[in-house]
Amino acid sequence: MRLVIARCSVDYIGRLTAHLPPATRLLLVKADGSVSIHADDRAYKPLNWMSPPCSVTEELTDSPDGGTAGTWTVTNKAGEQLIITIESVEHDSRHDLGVDPGLQKDGVEADLQRLLALHVETFGEGWSLVRREYPTAIGPVDLLCRDASGTTVAVEIKRRGEIDGVEQLTRYLELLNRDSRLAPVKGVFAAQEIKPQARVLAADRGIDCLTVDYAVLKGTDDPSQRLF
């Protein structure tokens, strides 16, 4: 990745024309060939950019003050161009960032399922886990448990609980209750957030709802330490 801080003006020539008057900006050239121009605001959004693949032609000269001036011509495969006219350069560096492993989302349904399986007492005292991903003919039930009285409970886990999740659990319960080894089977719909419509439908189907605090499950938050 190349980082250039320069006083420059920018002209876009393509499906339309656009002009950025002279100002100090950050020019970002990535290994994928993209070029973007940033101001010191707008968070991550650039003022202008050229998506890859594109080519960069530099015509630079020494400025009267001893710095570097000149022009970058950035051209994409459609022939559109960014003409970056550089008056002076304050910083120019290159950095090899290596291969990025990608974003690993925290708090997704798989994480909730794993933590609830480890802390099955979240559902109530005396609960025990029978199996994660209990198989049925229409897909696996997230958790199959037994409550303190020994009743079988199917738990469907969502990050965001909506009506379709309740419908999904209803179908699982219909199948599981046909198995004499498990019946009667109750249902629990667990999520970090449950929509009001989903709660109404769950109550109508005889399904309990549980709002899960992911931070508490993970051990990074203690509700007893909160002021509010």
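Throughout this description, residue numbers start from 1 for each chain and increase along the sequence as written. Residues qualify for local features only when their pLDDT is at least 70, as the model is predicted, and side-chain atom pairs are given and counted only at 80 or more; totals for whole chains, interfaces and linings, by contrast, use all residues. With hydrogens and water excluded, all non-hydrogen atoms of the structure serve as input to the side-chain values.

Regarding the pattern of salt bridges
Working step 1: By definition here, a salt bridge exists when the distance from a side-chain nitrogen of Lys or Arg to a carboxyl oxygen of Asp or Glu is within 4 Å. The final tally for this structure, using the stated rule, is 10 salt bridges.
Working step 2: The residue E87 makes a salt bridge to R7 at a minimum N-O spacing of 3.0 Å. Of this pair, E87 sits in strand β7 (residues 81-94) while R7 sits in strand β1 (residues 2-13), placing them 80 residues apart in sequence.
Working step 3: Three exposure classes are used, based on accessible area relative to the maximum for each residue type with a 1.4 Å probe and protein chains only: buried under 20%, partly exposed in between, and exposed over 50%. Classification of E87 as partly exposed rests on a relative accessible area of 38%.
Working step 4: For R7, a relative accessible area of 33% puts it in the partly exposed group.
Working step 5: Between K186 and D147 there is a salt bridge whose closest N-O contact spans 3.2 Å. On the criterion of sequence distance, the pair formed by K186 in strand β11 (residues 185-194) and D147 in the loop between β9 (141-146) and β10 (152-161) is long-range, its members being 39 residues apart.
Working step 6: Note on K186: relative accessible area 39%, which makes it partly exposed. Secondary structure is summarised from DSSP: a helix means a run of H or I of at least four residues, a strand means a run of E of at least two, and numbering begins at the N terminus for each.

Re the sheet that holds strand β12 (residues 208-211)
Working step 1: Pairing between two strands is assigned when DSSP locates at least 2 bridges connecting them. Read across the sheet, 5 strands follow the order β8-β9-β10-β11-β12 without closing on themselves; strand pairing throughout is mixed. Whereas interior strands pair on both sides, the edge strands pair on one side only; in this sheet they are β8 (128-134) and β12. Within this sheet the neighbouring strands show an average axis-to-axis angle of 30°, counted without direction.
Working step 2: Contacts between helix α1 (residues 109-118) and the sheet are confined to β8, β9, β10 and β11, with β10 contributing the most and set at about 145° to the helix. The convention used is that axes are lines fitted to C-alpha atoms, helices contributing only their stretch in contact, and that angles between N-to-C directions extend from 0 to 180 degrees. Should any heavy atoms of two residues lie within 4.5 Å, those residues are considered in contact.

A few points about the confidence of the model for the chain
Working step 1: Scored from 0 to 100, pLDDT reflects the predictor's confidence in each residue. This prediction gives the chain a mean pLDDT of 89; 91% of its residues lie at or above 70.
Working step 2: Mean pLDDT across the elements of the chain ranges from a minimum in helix α4 (residues 214-218), with 82, to a maximum in helix α3 (residues 196-204), with 97.
Working step 3: Segment residues 103-107: pLDDT under 50, and 8 contacts once partners within four positions in sequence are set aside and those in other chains are kept.

Some points on α3
Working step 1: Every buried residue belonging to α3 is among A198, L201 and A202, and all of these are buried. Down the axis of α3, the smallest arc covering the buried residues is 100°, so these residues share one side. When the buried face of α3 is taken as reference, the exposed residues oriented beyond 90 degrees from it are P196, V200, A203 and D204.
Working step 2: On its buried face, α3 sits against β10, α2 (163-176), β11 and β12. To be clear, the arc concerns the directions from the helix axis to the C-beta atoms.

Concerning the side chain of S34
Working step 1: For S34, the location among the structural elements is in the loop between β2 (17-29) and β3 (35-38).
Working step 2: A distance of 2.8 Å separates polar atoms of two side chains, one belonging to S34 and the other to D32.
Working step 3: With residues up to four places along the chain from it excluded, the contact list for S34 reads L28, V29, M50, P52 and C54. Polar contact is defined as a pair of N or O atoms within 3.5 Å, subject to the rule that within protein one atom must be able to donate a hydrogen and the other to accept it, and that residues adjacent in sequence are counted only when both atoms are side-chain atoms.

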